[in-house]
Amino acid sequence: MILTSEPTSLRRWRKHPFSSFPRGGRTCQASDTLNCKGKSYPTYTCSPPITSSTKAKLTNNDFNKGGDGGGPLECYNRYYENSERLVALSTGWYNGGSRCGKFIKINANNGRTTTMKVVDECDSRNGCDEEHAGQPPCKNNIVDGSDAVWSALGLNKDIGIVDVTWSMA
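The rules behind the values
- Residues numbered from 1 in each chain as written.
- Predicted model: local features only at pLDDT ≥ 70, side-chain atom pairs only at ≥ 80, totals over all residues.
- Heavy atoms only, no water.
- Pairing = 2+ DSSP bridges.
- Helix = DSSP H or I, 4+ residues; strand = E, 2+ residues; numbered from the N terminus.
- Phe/Tyr/Trp six-rings, centres within 6.5 Å; stacked < 30°, edge-to-face > 60°.
- Buried < 20%, exposed > 50% of the residue type's maximum accessible area, 1.4 Å probe, protein only.
- Lys NZ or Arg CZ within 6 Å of the ring centre and 35° of its normal.

> Give me the lowdown on the pairing of strand E8 (residues 161-168), citing residues and values where you can.
Here strand E3 (residues 54-60) runs beside E8; their pairing, made up of 6 bridges, is antiparallel. Residue Lys57 lies in a different strand from E8, and its bridge partner there is Asp163. Taken together, the 5 bridges between strand E5 (residues 103-108) and E8 define a ladder with antiparallel strand orientation. Looking at the pairing, Ala108 lines up with Val164 of E8.

Written out as structure tokens, the structure is:
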């Protein structure tokens, strides 16, 4: 099903909004599709299970006002400086805000590790609108880090996406 606005799966999501994986299984499948600027994007209400070494894709986010994320950040309804080590987690990992203010640890493939605070959701259900600064929905395995996270890990943010592992700190 191709949608041009809010996914119909949101009705299902409102009943059971923040599971780490679907009931009865340990895999996370796309729940719907969102059509954005002529391209289809999968949407998710879940993320892969969190382990002591959860595989993820590190992306870069501008947490300043007017930055990548659109409106104020979900956890504290405010903006932050990119000099702080901050992340937004995909919808399933964000878990309805239960990880707000908690710290996670990221391990990069270059051997460097750092901790950072969860301050936002990288929305895996919605996107392509003003609230999301016109961006498509996040995939279900995204850790969206500030410039300070990339610097602490010794990574070049111009790469765009890097494989990492993460865990709760």
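There's plenty left to go through after this.
> Requested: an account of the packing of aromatic side chains, with residues and values cited.
What the rule picks out here adds up to 1 aromatic pair. Relative to Trp166, the ring of Trp93 has its centre 5.2 Å away and its plane inclined at 70°; by these criteria the two rings are edge-to-face. Of this pair, Trp93 sits in helix H2 (residues 91-94) while Trp166 sits in strand E8, placing them 73 residues apart in sequence. Here Trp93 and Trp166 have matching classes, each one buried. Across the ring face of Tyr80, the terminal group of Arg78 is positioned such that the distance to the ring centre comes to 3.9 Å.

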